[in-house]
Amino acid sequence: MDRNNLSLLTDFYELTMANGYLETGLAQETAYFDLFFRKVPDDGGFAIFTGLEQVIEFLKNIRFTAEDIEFLRGKGGFSEDFLRYLADFKFACDLWAPPEGTPIFPGEPIVTVRGPLLQAQYIETMLLLLINHQSLIATKANRIVRAAQGRAVMEFGTRRAHGADAAVLGARAAFIGGCIGTACTVCERDYGIRALGTMAHSWVQVFPNEYEAFKAYAKLYPNNCTLLVDTYSVLKSGVPNAIRVFKEMRPETMGIRIDSGDISYLTKQARAMLDEAGLPDCKIVISNSLDEWLIRDILLQGAQIDSFGVGERLITAGSDPVFGGVYKMAGIEKDGVIVPKMKISENVEKITNPGFKKLYRLYDKSTGRMIADVITLAHEEAPSGDDYCIFDPSFTWKRKNLSNFIARELRLQIFDKGRCVYETPQPEAIRDFCLAQINTLWEETLRFENPQTYYVDLSQELWELRSSLIEDFPR
């Protein structure tokens, strides 16, 4: 796959609509689209916005080759004018988004695109693909990292990922979510994310016995000597052989990894054996189909663990593997005036917010904690004052007057008329930003079960616009 030309990685209807917009004279109408999501995975309290770097690279590199044009011509149904448009395609939209690593909540316009209707519509598939996947994995990774209570978590899911790109970008997202590194070697080359790993059971099996396997490994890797002790028997042979090798070889770093069995029981017994042997600095690493629930439970049971390697249930977000981001039109510009558009549905949760909008996050000046997010129309001033009222958009009698807060616009302009005006930080800086932002959430929002719902409210003017459009909808 040519990673710099993913222009046809799209839903086919994006092409049929694009051709239709050109043929009906609508292609250059200025349109506004919002990308948002409706539900936090695993019924959590928040999600983490990830994938912006890949969105930027995609938009910088949209192009349609001669082979692409011939393929579409062969499909039939596309006009020659449209094919010529694609051959000369130049991205010309504006785009706003939060920095990667930002905590996000349902219903918010996470990304807004403004530009020629044909283009703003066409990029839908790739924006959703890139943001949905990485936001899902970063969100899952952070849940697992929080369950580990300060212990290191390594992403070990490369071989379980749903394809090569999912492995690489999933590892990147997991690092942003709080993992310290990954088993995916190419991630260190491409993103500077530390590649980590020890040995497989086959290393132990290929030697005449477990002791010889451990001794050979300690000789080769004295600076990273973590021995897999569950090939035969953790307590009867694995840990005793590891202790023997550690005492004989004295590697600079020492650790054992357990990948099967009753983790809680085995780690407590192993810790006692290591301490009795005078090896209190030997670390215990565990793996084996872990997730946040298992990690939380075994730690509650007193398991003796220094770090975790988490694979399939992280890289696939196995418990809730879909991040339901959607991309909906919010307005069309006519003679310089924005005509708001919205989707009205029988399902109340699918009714969208109209117009060109801004997104503000309100912080308590005293504590630095996040209070609420407020969506306003773009021309409105930022929330301020000593008596600013926020209210539930659906249950409007639920109101709260705020004072002593600061409002920060959550999104930055990423593209200006097709030109990228944003410099993407390195993954380590994104990760640090993400963890710092999560620390501004209230503990009640961080709960795994029944977290406190974070307020995402509309300004009075936006709420009135939305209500009037619903009221005027023909019945």
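Above this note sits the structure.
Below: a short report on this structure.

Here is what the cut-offs are and how they apply
Residues numbered from 1 in each chain as written. Predicted model: local features only at pLDDT ≥ 70, side-chain atom pairs only at ≥ 80, totals over all residues. Heavy atoms only, no water. Helix = DSSP H or I, 4+ residues; strand = E, 2+ residues; numbered from the N terminus. Buried < 20%, exposed > 50% of the residue type's maximum accessible area, 1.4 Å probe, protein only. Areas by Shrake-Rupley, 256 points an atom, 1.4 Å probe, with all protein chains shown as cover. Lys, Arg positive; Asp, Glu negative; His and termini not counted. Charge placed at Lys NZ, Arg CZ, Asp CG, Glu CD. Pairing = 2+ DSSP bridges. Contact = heavy atoms within 4.5 Å. Axes fitted to C-alpha atoms, helices over the stretch in contact; angles between N-to-C directions. Arc of directions from axis to C-beta. Polar contact = N/O pair within 3.5 Å; in protein donor to acceptor, adjacent residues only side chain to side chain.

**Observations regarding the overall build of the chain**
- Scanning the chain for helices and strands turns up 17 helices and 21 strands.
- Taken over the C-alpha atoms alone, the chain extends approximately 80 × 60 × 40 Å along its principal axes.
- When each of the 475 residues of the chain is scored for burial, the buried share is 52%.
- Carbon together with sulfur atoms contributes 49% to the accessible area of the chain, which is approximately 21800 Å² in total.
- Taking the 52 positively charged and 64 negatively charged side chains of the chain as two groups, their mean positions are separated by 4 Å.

**Regarding the sheet that holds strand E11 (residues 307-310)**
- Strand order in the open sheet formed by six strands is E7-E6-E11-E10-E9-E8, and the pairing between neighbours is parallel. Each end of this open sheet is capped by a strand with a single partner; those strands are strand E7 (181-182) and strand E8 (225-228).
- By the bridge criterion, four bridges tie strand E9 (residues 254-258) to strand E10 (residues 283-286) in an arrangement that is parallel. Residue pairing in the sheet places Gly255 in a bridge with Lys283 of E10.
- In this fold helix H12 (residues 263-276) packs onto E9 and E10, with an angle of close to 165° to the strand it touches most, E10.

**Here we look at unusual backbone geometry**
- Phi is positive for Asn404, close to 55°, though the residue is something other than glycine.
- Of note, Asn404 is situated in the loop between strand E17 (399-402) and strand E18 (405-409).
- According to the relative accessible area criterion, Asn404 is partly exposed, its value standing at 37%.
- One non-glycine residue with positive phi stands out, namely Lys417, at about 50°.
- Assignment of secondary structure puts Lys417 in the loop between strand E19 (412-416) and strand E20 (419-420).
- A relative accessible area of 62% means that Lys417 is categorised as exposed.

**Here's the deal with helix H13 (residues 292-300)**
- Among all positions in H13, only Glu292, Ile295, Ile298 and Leu299 are buried. Angular distribution of buried residues about the axis of H13 spans 140°; they occupy a single face of the element.
- In this structure Asp291 caps H13, since a side-chain oxygen of it lies 3.1 Å from the backbone nitrogen of Trp293.

On their own, these measurements won't tell you what the molecule is for.
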